[in-house]
Structures are given as C-alpha cells and as structure tokens.
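Chain by chain, the residues:
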Amino acid sequence: KAALKKAKEDSTELPGSPKVQMLGFGNHDGAITTAISFGDIDTASNIGVNVPGIGSTVDGIGNALGGAQELFKAANNANPGATYAMVTWYGYRTPGKPPVDNGVWSMDRADAGATELADFLDGVHAFRALDSSTAPEHVAVFAHSYGSTTATEALKLTVHQIDAFVTYGSAGIKSGTQLNELHTDEMYSTIAAGDNIAPEGYWFNDRMNPIDVAHDFSAEIGEHRVTAHDMFTEDTSASFWNWGGKVGYLTAGTSSLQYMGRVFAGKVG
C-alpha cells in the first residue's frame, strides 16, 4: 500500500504525469503477487513488463518501482512521441537467497512462474485486440536475474509475439534454448563485469548464458558503470568497500539503462 501511494506521488515527476495502475493482487505458491504500472496499459502505444529475480518480494517492490521510473524516463527521452506503460510484474514466487533457499539453481520456480507470466502477457494482447485501433505498437519484456530464467520459459508458452526481450544480470536460461523458440522478434542481453552474483545461477545445473543466443550490449560505459547485481540503486556513491559505488543495471547514468530505454521506445535496430 505504501509503495502504491509513493508510486502515485512519483508519477507526477514523470513525463506526462502518467496514471498509476495496480494490475492485480493475489498469491502464487504462498507468495504475495501484484503488478504496478506507470502509464495506462489500456491505451499506451509502448508496453514494457519488468520481471524480478532472486530474493524479490512484494514488500520490496518500491526498489523495482524506482527502476521502472528510470526506464520510463529513458524511453521517453529516446522517443517522446510514444506513450508508455511500464509494468513492474511481481507475479510469481521468486527463489530466495542461498543457503536458506537454493531454488535459484533449479528450474522449478521458473517453470511455475512462466505460466503466470505467459497468461499475463497474452491477456494484455487479448484485451487490446478487442479494439484494433488500440493495439500496442511495441511490447518489450525486461527480466532481471532469475526473472530471465522465468521469462524465457514464459515466452515459449505465449500465443502472441512480442517485439523485444531483454535479460540483464541473468541467472541463466535453460540449456539448449534457441531464439526461434521464443515468441519475440529480438532478444538482447547484458551482464556487468562487476556483477558477481549472476554467474552463481549457473552452478549445479546446465543453464546457459542468454548472451549465447541474444544481441549483447554493455553495462560498462556511460556516466556510471554497473558494479553490482542489483536491479536498481539510488545511491551511487563510493565507499571503502566498493570504490566504484554500488550501481545497479537500471540506475540513472548507466549505459544499460540507456540501451534498455531505447529498446522500450522501439528505437534499437
């Protein structure tokens, strides 16, 4: 409730002061689920859906909403003529952090969450197809950490094609996955050299790096280079323990955010 209230307050600072929508509230496998959109998903020309990964729960959604705001602004900067709905999708039970929860090394949570995400994506397309004049022009899925494992499986199940799929800080996707299995026109991927957590998702399993089948892009250039596994961080200041500062993939000033903003805007390729 607090995150939704803050999202409504923060939306007034975004281009066009978009409405905030809560797109469901429930549970999946014992975890609270919800989805919150900056922008009207019923009418926006460009729809983005961001899928969280390891250790992400609804009580921490405020951090992901901070990243969603940055993606919204980056897309608007790349293509101010479009309208946007940036959805933060917490629709499945993510694996916790080892050693308390070793689910990150299994496909179980991804397989269970994939059905939920596929239904959500197809539901958006089906609703918008009721009136062809309101069909979205561009749909992109962004997936962080284990969210990429889940989203990859979801895109094998969807009926409707999306325009772009982006993984960042991936915990790996099922070995043998081919791009033509996924219902997406394009796939992009990045892992920062400073991200020491993502490779752990490859332990004790045969998952592969999505960069093997995607167009890769850099998280190392720009005003800030990504120095951590985090989806989003607000304080980028350096410390004794982290001279580069703790910088997430959707932090303002990173090349990863700028690139993903262009993907969301439909301005890559």
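You'll find the structure just up there.
A brief report on the enclosed structure follows. (Residues numbered from 1 in each chain as written. Predicted model: local features only at pLDDT ≥ 70, side-chain atom pairs only at ≥ 80, totals over all residues. Heavy atoms only, no water.)

1. Overview of the sheet that holds strand E5 (residues 138-144)
Read across the open sheet, the eight strands follow the order E1-E2-E4-E3-E5-E6-E7-E8; overall the sheet is mixed. The two strands at the open ends of the sheet, each matched to only one other strand, are strand E1 (20-28) and strand E8 (215-216). Of the pairings in the sheet, the one linking strand E3 (residues 46-51) to E5 comprises six bridges and is parallel in character. Bridging across to E5, Val49 finds its partner in Val141. (Pairing = 2+ DSSP bridges. Helix = DSSP H or I, 4+ residues; strand = E, 2+ residues; numbered from the N terminus.)

2. A few points about unusual backbone geometry
Positive phi outside glycine occurs at Asp29, with the angle close to 55°. Note on placement: Asp29 falls in the loop between E1 and strand E2 (31-38). The class for Asp29 is partly exposed, based on a relative accessible area of 49%. (Buried < 20%, exposed > 50% of the residue type's maximum accessible area, 1.4 Å probe, protein only.)

3. Considerations on the pairing of E1
Bridging between E1 and E2 involves seven bridges; their strand directions are antiparallel. The partner of Phe25 across the bridge, within E2, is Thr34.

4. Thoughts on the environment of Thr83
Along the chain, the position of Thr83 falls in the loop between helix H2 (61-78) and strand E4 (84-90). Overall, the relative accessible area of 44% leaves Thr83 in the partly exposed class. Once the C-alpha coordinates of Thr83 and Thr152 are considered, the two residues, 69 residues apart in sequence, prove to be 26 Å apart. In contact with Thr83, not counting residues within four places along its chain, are Thr43, Ala44, Ser45 and Asn46. A polar side-chain atom of Thr83 sits 2.8 Å from the main-chain amide nitrogen of Ser45. (Contact = heavy atoms within 4.5 Å. Polar contact = N/O pair within 3.5 Å; in protein donor to acceptor, adjacent residues only side chain to side chain.)

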